[in-house]
Amino acid sequence: MEYVKFFEELNKGDIAIAGGKGANLGELTQAGIPVPPGFVITAATYEQFMEETEISDEVMDILNALDVNNNKELQEASRKIKKIIIETPIPKDISTIIIEAYNALCHRIGIEDVYVAVRSSATAEDLPEASFAGQQETYLNIRGASDVVKYVQKCWASLFESRAIFYREENNFDHSKVYIAVVIQEMVEAEKAGVMFTVHPSTGEEKILIEGAWGLGEAVVSGTVTPDTCWVDKKTGEILEYQVSEKNIMFKKDPEAGKTVKVPVPDDMKNKKVLSTSEIAKLAEMGKKIQEHYDFPQDTEWAIEGGRIFMLQSRPVTTLGKIAGEETGEKSSKETERIIITKGLGASPGMASGMVKIIRNTDELDKIEEGDILVTVMTTPDMVPAMKRANGIITDEGGVTCHAAIVSRELGIPCVVGTGDASKILEENSVVTIDGNKGLVYEGKIIEESPQKEESAETTTIVQQSILTVTEVKVNVSMPEAAKKAAATGADGVGLLRTEHMMLTTGVHPKKFIREGEEDQLIKLLVENILKVADTFYPKPVWYRTLDAPTDEFKSLKGGEDEPYEHNPMLGWRGIRRELDEPEILKAEFKAIKKLHEQGYTNIGIMLPLVQHPDELRQAKKIAREVGLKPQKNIEFGIMVETPAAALVIEDFIKEGLDFVSFGTNDLTQYTLAIDRNNENVADLYSEGHPAVLKLIERVIIECNKAGVKTSICGQAGSMPNIVEKLVELGITSVSANTDAVQTVREVVARVEKKLLLKAARKIMQE
Ligand code: PEP
Ligand code: MG
């Protein structure tokens, strides 16, 4: 068996031993194409390692016990197997072979401890239909024999990335029969680098496409920069088009640390043309030669160092004949195609690009850096600080009113929810673009610049132009720190101040405060947070909605261990029903409001969530009185209409006494249509405009108008122009929208009001 092969000894037929990448580099070397020298640790070496160390059985046992459709299990199995492979010492006979090959390479180049790139070369990875079979790990700027050995092991372990395991299971590949080779190749310290397609990558026209940027090629391949693009006529060699892009980032070797670092491009090079005419000509010539050699259009990677051109990789163009935007999992030119990796629901508008960071549990939140794309099964309140750093958010679960959707809209961050699989199929550190309108996730960076995240919630100063409307247009606030931004819309007040964020981001279950005799702490926390909003909006009304978190959101909090497990938390112990069972928390909320009232913040009103019987309203008012508040006398008191029950017996609530109602259409829709709002499987049936929902709303508005009780809406439907139109026609008192929708809603309201006025005037004139 051959454990190591230098490029000169390999050709394209050697995929089984050297993997696609290794065989290709051998083929190019043999064809006289300038390739940086190197060798391949063959698939046989991996096989030998697994056998000699006897870890193969251990790995297979883990895989045999695995249910790949259980994401948690899948991640755990992947983690365990990778750990075993990385931590099992390589038998001496194998490590010696690797070390000797590396030393031979250094000797040949004439540099001691030469810097190399270590790349996985899975034996099936370059076959288009198997592109998920193996992860394409690349480690750059590795130096010294022991590090090379270490990174070879990491490449081996990459065969068991969760995504690769999943793919093989789905396609019935035998894990024990999949091998991986590793390419070790001298690092080219590229001053410029990029990719080249020897034909138009989607139409197959005889045009060469070259993309280039400063520094190492990673910047172009990963989509971190928008490269210069150049089209060359393959027959004549004429440059048909050269487009210079602004290149802000480059990868290069940090000479001190010896690692690859991402650095800003010096200002005078950002908009400078990367490729000279003669370099373009040489590259195009090389492209032609490679295609002739393979007798098939090629997708290559090139680099230029000290004026010398190197080819780093070549493989067949796999995108030919595919329609732009078609669903495929393959790599292609960013300029000509948009490849959709996954789809979900557009939950917060806007486009954003960034590096994927998959959050599987909350202790991983630190890895989210400014500008990343946070990918997770479903966000929780403790993820909010990390969500604020992200450029975009993608979740597996959820509908457009789930936690991720609500928070990202408030933060002004594009968000796609309910993809079903994003956390399984997206690759950590890969670059994606999300479209929060259409609910799409694209491969690579396909927008010029991620739109600058709107100024932070705390600092926005833009005040939207105000249009006077009879129907008040208010705004929803879920995070007190976003109050200024919300107020900048010129809204007529806060139609919904959610308390879940302020209570749950402490990381401590509110009951724990009470149990440990620290009610004062809880009250203080509430006072501080509510004050931020009440003060910002003063004297406009702010309706504080009492706690309404489902049990699953409490579970991860300190003190939340005893939260009951509920099959469907949406139908469970939440909202006013729970608060009446555990009145200590409700009391603490009322006490906080009382304190603020005493300080003059009489603009705060109280709103009860999820009521279904007037008794609940009566009991809550009693508790409010016990702490010294006077519902309907010195403080506005109302309910959310979120259950069909409340809508159907609204007359009884009116009799019990209340100042206002507000439609919580997120819940009202789920309970009327029997559709769990967080279940992506039924999200397509979820519709606030369903006639049954509208009928319930209509009857409540009619009854409330008769009784002089104010009506409002604070569910997502209050941000939807078509529904707002109907509500205004029905005579709703106010509409509360998300910050980003206030201006549009105000325009819709103004237009409908004008229409109604005209209609009334015409009617009078006719009479
Ligand atoms: C609603 O149900 O419409 C609502 C506004 O409340 P939440 O989304 O917090 O349940
Ligand atoms: Mg609700």
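Look above for the structure.
Residues numbered from 1 in each chain as written. Chains lettered and ligands numbered in written order. Predicted model: local features only at pLDDT ≥ 70, side-chain atom pairs only at ≥ 80, totals over all residues. Heavy atoms only, no water.

Q: When you look at the coordination of the magnesium ion (ligand 2) in this model, what are you seeing that I'm missing?
A: When a metal carries six donors in an octahedron, the ideal angles between them are 90 or 180 degrees, while four donors in a tetrahedron ideally lie at 109.5 degrees. Of the protein atoms, only E642 (OE) and D667 (OD) coordinate the magnesium ion (ligand 2), at distances of 2.0 Å. With E642 in the loop between strand 26 (637-641) and helix 22 (644-648) and D667 in helix 24 (residues 665-673), the pair connects residues that are 25 residues apart, well separated along the chain. Considered together, E642 and D667 belong to a single accessibility category, that of buried residues. (Donors = N, O, S within 2.8 Å, 3.2 Å for Na, K, Ca; no water. Helix = DSSP H or I, 4+ residues; strand = E, 2+ residues; numbered from the N terminus. Buried < 20%, exposed > 50% of the residue type's maximum accessible area, 1.4 Å probe, protein only.)

Q: Even after reading the chapter, I still don't get the sheet that holds strand 17 (residues 373-376), so can you show me in this structure?
A: Sheets are built from strands that pair by backbone hydrogen bonding, the pairs being arranged parallel or antiparallel. Here 8 strands make up an open sheet; going across it, the order is 14-21-20-16-17-18-19-15 and the pairing mixed. In the strand order of this sheet, the two ends are held by strand 14 (340-343) and strand 15 (345-348), each with one partner. The mean angle between the axes of side-by-side strands here comes to 30 degrees, regardless of whether they run parallel or antiparallel. Sheet analysis places strand 16 (residues 351-359) next to strand 20 (residues 431-435), joined by 5 bridges and oriented antiparallel. Bridge pairing links A352 to I434 in strand 20. (Pairing = 2+ DSSP bridges. Axes fitted to C-alpha atoms, helices over the stretch in contact; angles between N-to-C directions.)

Q: Even after reading the chapter, I still don't get helix 24, so can you show me in this structure?
A: Think of an α-helix as 3.6 residues a turn; residues three or four steps apart then line up on the same face. Burial analysis of helix 24 places 8 of its 9 residues in the buried class, which makes it a mostly covered element. The inward-facing, buried residues of helix 24 contact strand 26, helix 22, strand 27 (660-663), helix 25 (691-707) and strand 28 (710-713). Looking one or two places after helix 24, you find A674, whose phi comes out positive at around 60 degrees. (Contact = heavy atoms within 4.5 Å.)

Q: Would you mind showing me how to read the pairing of strand 23 (residues 494-497) here?
A: The two faces of the sheet receive side chains in turn, since in a regular strand these alternate between them. As paired strands, strand 22 (residues 472-477) and strand 23 are joined by 3 bridges and run parallel to one another. Its bridge partner lying in strand 23, N476 is registered against L496. Pairing geometry for strand 23 and strand 24 (residues 542-545), over 2 bridges, is parallel. Bridging from a neighbouring strand, V494 pairs with V542 of strand 24.

Q: Looking at this structure, I do not really get unusual backbone geometry. What am I missing?
A: Among all residues save glycine, negative phi is the norm, and among peptide bonds the norm is trans. Between Y538 and the following residue, P539, the backbone shows a cis peptide bond with an omega angle of 5 degrees. Residue N141 is not a glycine yet carries a positive backbone phi of 55 degrees. Looking at the element boundaries, N141 is found in strand 4 (residues 138-142). Although it is not a glycine, N429 adopts a positive phi angle of roughly 70 degrees.

Q: What's the story with the sheet that holds strand 5 (residues 180-186) in this structure? I'm lost.
A: One open sheet accounts for 5 strands, arranged 1-2-5-3-4; its pairing is antiparallel. The sheet is open, and its two edges are formed by strand 1 (4-6) and strand 4, each paired on a single side. Neighbour-to-neighbour, the strand axes of the sheet open up by a mean angle of 20 degrees, direction not taken into account. Bridging between strand 3 (residues 116-122) and strand 4 involves 3 bridges; their strand directions are antiparallel. Along strand 4, the bridge assignment pairs R119 with T138. Across the sheet, helix 6 (residues 145-157) is in contact with strand 2 (38-41), strand 3, strand 4 and strand 5; its angle to strand 5 comes to roughly 140 degrees.

Q: Sorry if this is basic, but what is going on with the pattern of salt bridges here?
A: A side chain of one charge can pair with a side chain of the opposite charge when the charged atoms of the two come close. With the rule as written, the count across this model stands at 39 salt bridges. The salt bridge involving K83 is made with E87; its shortest N-O contact spans 3.4 Å. Taken as a pair, K83 and E87 lie in helix 4 (residues 71-87) at a separation of 4 residues, close to a single helical turn. Owing to a relative accessible area of 43%, K83 belongs among the partly exposed residues under this scheme. A salt bridge links D667 to R677; the shortest N-O distance between them is 2.8 Å. Separated by 10 residues along the polypeptide, D667 in helix 24 and R677 in the loop between helix 24 and helix 25 bring together distant segments of the chain. In terms of burial, D667 and R677 fall into one category: buried. Beyond isolated ion pairs, a larger network of salt bridges with shared partners links E500, R545, D548, R574, D667 and R677. (Salt bridge = Lys/Arg side-chain N within 4 Å of Asp/Glu carboxyl O.)

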